[in-house]
Amino acid sequence: MSALLKSFSTFLGSSIGKKLLVALTGAVLVLFLLGHMIGNLLIFAGPDAINEYGHFLQTMLHGGGVWIARIGLLVSVVVHIVLTIQLTRENRAARTERYGYNATLQASKSSRIMILSGLTILAFIIYHLLHFTVHAGNNYGTYQVILHGENVHDVYKMVIAGFSWLPASIFYIIAMLLLCSHLGHGVSSMFQTLGLATERTRPIYEKIGSAYAALILIGNCSIPIAIYVFHYGR
Amino acid sequence: MASNLNLKLKIWRQPSTNAKGTFQDIDANNIPETASFLEMLDIVNQRIMDGGGDPVAFDHDCREGICGTCSMVINGIPHGPRRGTTACQLHMRLFKSGDTIWIEPFRAKAFPVIKDLAVDRSAFDRIMVAGGFISVRTGSAQDANALPISKDDADSAMDAAECIGCGACVATCKNASAMLFVSAKAGQLNSLPQGQPEKHRRVLGMVQAMDKSGFGNCTNQYECEAACPKGISVRWIAKLNRDYALATVHESLLAPAKGKGGGAA
Ligand code: HEM
Ligand code: FES
């Protein structure tokens, strides 16, 4: 056991070990984002569709499912953030004297602002949870609707109300732009970190990463735009 | 007719490791365009010495692009603007009269400046000592082709073996990471049958030595591949990541416990 612990601490202490964990937790978050977006798009299928989906999430496994997901996501996010901050600090410490003349050969803009886009996403995650999960400073939690003869949370009304307020819609869209940038580098980078990229496959992963980032951006932004700009549901 | 160039140089001058460095402006007039970059520096140094000054220290050895000793950052790019070319193989005809050229040392905490443009790259030696070798029996040469190796594997290993260990990857990396160097040196041996017995130990040892020397972490921006005078591919970094994961699993879960190999005592 102690030998196993020693191996694990060596792994965590090493640059590649930390990066592998960043990539794995990033993969969990990437998969979650896709599912979360598809679920959210049910808003365009009308009130019943999204309310039924919300009710299903809340009652899955007698209410345990949502907690399993929450704990898994919390662990992934915390590990991802703690390690990326540590990696970024080590990277800054590795070059104390800056160059007098700076040149960049092929690093993308997105790859150079990962910590900035990441920390914006973190701020967004906190706001988003307070807004739609904890219902801090709003009464969205009291919205109820009858679905199939049962009293359930009115998710549809909550989302429409949430995005009818311009500052919220704007912050969501800014956060999604930075998330798109984060994913634009992160998704293909993940394949490289996990050791799955070769000269033949790297261009494919880069295309998948860009397409995925664009999909998440368009899918998620369509909701506040439809509601605020085109008065969907209002 | 070869013409001459008049250049404005901004050269990093730093008397010793812990001294503060600054850029010194030097006019380099009448430089033949047929000179190499290092020959240009030789001419500049001769003029400095003729005036009783302290010449610019820089590293060089083979001057034919194979030893990896020359090490300087020219206008922000290690070995200068021409792809796949070491500083010693760079020609002055690439520059125009009137150009300003910034010349700085490789900058990384793991590569302390010795003087001016010369840096201490012994961190690379420590990484090599930690696993950049194979153990073989000495004695008479073994029969040719006793160890079958596919042509593809041999070619691939040669791609990694092209690394001349100059450190341009570290110098250009936004994080001063040594991953391209370490991955090429480990990957070359890990691709061949002779490298298999020590593979896991090599990977763990070289990565540990790399981390201990204070290099940064790879963020997959691939600046290294673009700056490498030998064009070493970042596919070696992917392989090192993979081999590191396998070596960790091997060492922590699969390998027999130390001292319990089951052989005679
Ligand atoms: C939904 C949320 C997030 C997703 C889907 C996500 C996804 C990813 C992915 C896939 C990578 C690439 C991993 C690799 O290179 O192997 C990555 C890297 C990174 N993430 Fe995130 N991330 C998220 C949130 C965050 C947050 C909140 C931070 C805040 C600190 C952050 C900071 C970083 C940094 C700095 C990197 C670069 C790490 C490196 O290359 O060394 N991320 N992220
Ligand atoms: S001096 Fe040998 S490679 Fe430049």
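What counts and how
Residues numbered from 1 in each chain as written. Chains lettered and ligands numbered in written order. Predicted model: local features only at pLDDT ≥ 70, side-chain atom pairs only at ≥ 80, totals over all residues. Heavy atoms only, no water. Donors = N, O, S within 2.8 Å, 3.2 Å for Na, K, Ca; no water. Tetrahedral: all angles 85-135°; square planar, octahedral: opposite > 155°, others 65-115°. Helix = DSSP H or I, 4+ residues; strand = E, 2+ residues; numbered from the N terminus. Buried < 20%, exposed > 50% of the residue type's maximum accessible area, 1.4 Å probe, protein only. Contact = heavy atoms within 4.5 Å. Buried area = accessible area lost by both parts, 1.4 Å probe. Salt bridge = Lys/Arg side-chain N within 4 Å of Asp/Glu carboxyl O. Near = heavy atom within 4 Å. Polar contact = N/O pair within 3.5 Å; in protein donor to acceptor, adjacent residues only side chain to side chain. Nonpolar A, V, L, I, M, F, W, Y, C, P; charged D, E, K, R; others polar. Pairing = 2+ DSSP bridges. Axes fitted to C-alpha atoms, helices over the stretch in contact; angles between N-to-C directions.

Describing the coordination of the iron atom of ligand 1
Metal coordination angles have textbook ideals: 109.5 degrees for a tetrahedral set of four donors and 90 or 180 degrees for an octahedral set of six. All names here are of chain A. On the protein side, the iron atom of ligand 1 has His-80 (NE2) and His-182 (NE2) as donor atoms, found 2.1 Å from it. If you look at the iron atom of ligand 1, its 6 donor atoms make angles of 85 to 179° with each other, and the shape they trace is octahedral. Of this pair, His-80 sits in helix α4 (residues 64-93) while His-182 sits in helix α8 (residues 166-193); the two residues are 102 residues apart in sequence, bridging distant segments of the chain. No difference in accessibility class separates His-80 from His-182, as the two residues are buried.

Section: the interface of chain A and chain B
Listed as interface residues are 39 residues of chain A and, on the opposing side, 52 residues of chain B. Buried area between chain A and chain B, summed over both chains or domains, comes out near 3700 Å², and the portion from carbon and sulfur atoms is 51%. In terms of surface lost to chain B, no three residues of chain A exceed Ile16(A), Tyr99(A) and Leu105(A), which account for 17% of the buried area on that side. The interface formed by chain A and chain B holds 1 salt bridge in total.

Details of the site of ligand 1
Taken together, 24 residues surround ligand 1, and among them His80(A), Gly118(A), His182(A), Ser189(A) and Thr193(A) come closest. Per-site note: the chains with residues close to ligand 1 are chains A and B. Residue His80(A) places a side-chain N or O atom 2.9 Å away from a nitrogen atom belonging to ligand 1. Between ligand 1 and the protein, one listed contact pairs a nitrogen atom with a side-chain N or O atom of His182(A) at 2.8 Å. Among the elements of the structure, α2 (15-40), α4, α6 (114-133) and α8 of chain A are those that each provide at least two residues to the shell around ligand 1. A per-class count over the shell around ligand 1 returns 14 nonpolar, 10 polar and no charged.

Digging into the sheet that holds strand β4 (residues 77-78) of chain B
Residue and element names in this part refer to chain B. Strands sit in the order β2-β1-β5-β3-β4 across an open sheet of 5 strands; the sheet is mixed. Each having just a single partner strand, β2 (22-32) and β4 make up the two edges of the open sheet. Here strand β1 (residues 4-13) pairs with strand β5 (residues 100-104) via 4 bridges, running parallel. Residue Lys-10 lies in a different strand from β5, and its bridge partner there is Trp-102. Packed onto the sheet, helix α1 (residues 37-50) meets β1, β2, β3 (73-74) and β5 and runs at close to 105° relative to β2.

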